[in-house]
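Below are the chains, spelled out letter by letter.
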Amino acid sequence: MRGRIAIAGGVLLLAARIAAAAGLVVEGAWIRTPPPGATMLAGYARLRNAGAAPIVVTGADGADFGSVSLHESISADGVERMRPLTELTIAPGATVLFAPGGRHFMLMRPTRALAAGDRARIHISTSSGDGATADFVVADAPP
Ligand SMILES: [Cu+2]
């Protein structure tokens, strides 16, 4: 009997390790409510590495947009600029924040009108090929 319990415990532990191997967890995903006719939207989220190995985010895409890219806003000499984030590495256990004024998902050419309360599904790609998919809710402020 004792042996059987030990085996069951081992299987549970293995299952937990497999779940953690998926790694990338997307939390609090939202898109700022755009003005009517906007062709450029911004999305935000927290990207958490729940796995044991570093995660390299390589890009993103979604059917609701002509293109999705990762950007970073920088302020230089009082001028706001943004530049592409080509590769983003998230250490095990770390969370990377995408928030107004900093990193953001640049959502170009929406294929449908998006209003407050709508959701847009975005897939985030990683070098391991697993990636993560999240529904970004359209809102005036973070959820
Ligand atoms: Cu941008």
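Residues numbered from 1 in each chain as written. Predicted model: local features only at pLDDT ≥ 70, side-chain atom pairs only at ≥ 80, totals over all residues.

## Brief notes about the overall build of the chain
Then comes step 1: Of regular secondary structure, the chain possesses one helix and ten strands.
Then comes step 2: Ordered by position from the N terminus, the helices and strands of the chain form the series α-β-β-β-β-β-β-β-β-β-β.
Then comes step 3: Within the span of the chain, comprising 143 residues, buried residues form 23% of the whole.
Then comes step 4: Taking all contacts inside the chain whose residues are at least 6 apart in sequence as the whole, residues at least 24 apart take part in 67%. (Helix = DSSP H or I, 4+ residues; strand = E, 2+ residues; numbered from the N terminus. Buried ≥ 20, exposed ≤ 12 C-beta atoms within 10 Å, placed from the backbone. Contact = placed C-beta atoms within 7 Å.)

## Brief notes about the confidence of the model for the chain
Then comes step 1: A residue-level look at the chain finds 85% of positions with pLDDT of 70 or above and a mean pLDDT of 88.
Then comes step 2: The least confident element of the chain, judged by mean pLDDT, is helix α1 (residues 2–21) at 51; the most confident is strand β8 (residues 103–110) at 98.
Then comes step 3: The model gives residues 15–21 a pLDDT under 50, and that stretch makes four contacts with residues more than four places away or in other chains. (pLDDT = per-residue confidence, 0-100.)

## Concerning the nonpolar core
Then comes step 1: One finds Ile-31, Phe-105, Ile-122 and Phe-136 to be the most contacted residues of the largest nonpolar core, which totals 25 residues.
Then comes step 2: When residues of this core are traced back to their parent elements, those giving at least two are β1 (24–32), β2 (40–49), β3 (55–61), β4 (65–76), β8, β9 (119–126) and β10 (132–139).
Then comes step 3: Ignoring sequence-local partners within four residues, the contact set of Phe-136 consists of Ala-29, Trp-30, Ile-31, Gly-43, Arg-119, Ala-120 and Ile-122. (Core = buried A, V, L, I, M, F, W, Y, C linked by C-beta atoms within 7 Å.)

## Notes on unusual backbone geometry
As a rule of thumb, non-glycine residues mostly have phi less than zero, and peptide bonds are mostly trans rather than cis.
Then comes step 1: Unlike most non-glycine residues, Asp-77 shows phi in positive territory, near 55°.
Then comes step 2: Within the secondary structure, Asp-77 sits in the loop between β4 and β5 (79–84).
Then comes step 3: Here Arg-109, not a glycine, exhibits a phi torsion of approximately 50°, which is positive.
Then comes step 4: C-beta crowding within 10 Å serves as the criterion here: with 12 such atoms nearby, Arg-109 is assigned to the exposed category.

## Some words on the pairing of β8
Then comes step 1: By the bridge criterion, four bridges tie β2 to β8 in an arrangement that is antiparallel. Counted as the bridge partner of Ala-42 is Met-106 from β8.
Then comes step 2: Pairing geometry for β4 and β8, over seven bridges, is antiparallel. Directly across from Ser-67, in β8, lies its bridge partner Met-108. (Pairing = 2+ DSSP bridges.)

## Digging into the environment of Ser-127
Then comes step 1: As for its placement among the helices and strands, Ser-127 is situated in the loop between β9 and β10.
Then comes step 2: For Ser-127, a count of 13 C-beta atoms within 10 Å puts it in the partly exposed group.
Then comes step 3: Along the primary structure Ser-127 and Ile-55 are separated by 72 residues, whereas in three dimensions their C-alpha atoms are 7.4 Å apart.
Then comes step 4: Excluding its chain neighbours within four sequence positions, the residues that come into contact with Ser-127 are Val-56 and Thr-58.

## Quick notes on the environment of Pro-100
Then comes step 1: Here Pro-100 shows up in the loop between β7 (95–98) and β8.
Then comes step 2: The exposed category is assigned to Pro-100, around which 12 C-beta atoms lie within 10 Å.
Then comes step 3: C-alpha separation for the pair Pro-100 and Ser-73, spaced 27 residues apart in sequence, amounts to 8.6 Å.

## Observations concerning the environment of Val-68
Then comes step 1: Mapped onto the fold, Val-68 is located in strand β4.
Then comes step 2: The class for Val-68 is buried, based on 21 C-beta atoms found within 10 Å.
Then comes step 3: It is 6.6 Å that separates the C-alpha atoms of Val-68 and Phe-105, two residues lying 37 residues apart in sequence.
Then comes step 4: Residues within four places of Val-68 in sequence aside, it is in contact with Ala-60, Asp-61, Gly-62, Phe-105, Leu-107 and Ile-122.

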